[in-house]
Amino acid sequence: TSGRLSNNDALTAELVKMKKVIQKRMSTKFDEAIKRVPNLEVPHETLLVIDAAQGRVALDSAKQWNKELGLTGLILTKLDGSAKGGSVVGVSNELGLP
């Protein structure tokens, strides 16, 4: 997604819904009513892909996605241009992500 889409509530709700569906579909346990019990151990990784040129927006986006989805790591892209990707250091420090 684009960096500024973290403030798009409909998109965020859709991503949260996707995570819940994955947890339910990957479940092997059932309750008394024979309904699947969500497997909270999946997805195993939730990675945020950050454009090296994003700057401050990257931190704001990462905070929002982490709050809603629980991020486990970062991927930095587009380092072939003049961008230095300094925002990833701030995101990593602020959120404690590798």
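The sections below set out a description of the structure shown in this document. (Residues numbered from 1 in each chain as written. Predicted model: local features only at pLDDT ≥ 70, side-chain atom pairs only at ≥ 80, totals over all residues. Heavy atoms only, no water.)

## Focus on helix H1 (residues 9-25)
Because the α-helix completes a turn every 3.6 residues, residues three or four places apart line up on one side. Taking 1.5 Å as the rise per residue, H1 with 17 residues should run 24 Å; its terminal C-alpha atoms sit 24 Å apart, in good agreement. For H1, the complete set of buried residues consists of Thr 12, Val 16 and Gln 23. Along the axis of H1, the buried residues cluster in a sector spanning 35 degrees; they form a single face. Exposed residues on H1 whose side chains face more than 90 degrees from its buried face are Ala 10, Lys 17 and Arg 25. (Helix = DSSP H or I, 4+ residues; strand = E, 2+ residues; numbered from the N terminus. Expected span 1.5 Å × (residues − 1). Buried < 20%, exposed > 50% of the residue type's maximum accessible area, 1.4 Å probe, protein only. Arc of directions from axis to C-beta.)

## Looking at a nonpolar patch on the surface
Together, Leu 47, Val 49 and Ile 75 make up a nonpolar patch on the protein surface, roughly 240 Å² of accessible area in all. Relative to the assigned elements, Ile 75 resides in strand S2 (residues 73-77). (Patch = residues over 30% accessible without salt bridge, like charges linked within 9 Å, V, L, I, M, F, W, Y side chains within 5 Å. Areas by Shrake-Rupley, 256 points an atom, 1.4 Å probe, with all protein chains shown as cover. Salt bridge = Lys/Arg side-chain N within 4 Å of Asp/Glu carboxyl O.)

## Let's talk about unusual backbone geometry
A cis amide bond links Val 42 to the next residue, Pro 43, at an omega of -5 degrees. By secondary structure assignment, the location of Pro 43 is in the loop between H1 and strand S1 (47-51). Residue Ile 34 is not a glycine yet carries a positive backbone phi of 55 degrees. Structurally, the position occupied by Ile 34 is in the loop between H1 and S1. Not every positive phi belongs to a glycine, and Lys 78 is a case in point at roughly 60 degrees.

## A few points about the pairing of S2
Note: S1 against S2, 5 bridges, orientation parallel. Bridge pairing links Leu 47 to Gly 73 in S2. (Pairing = 2+ DSSP bridges.)

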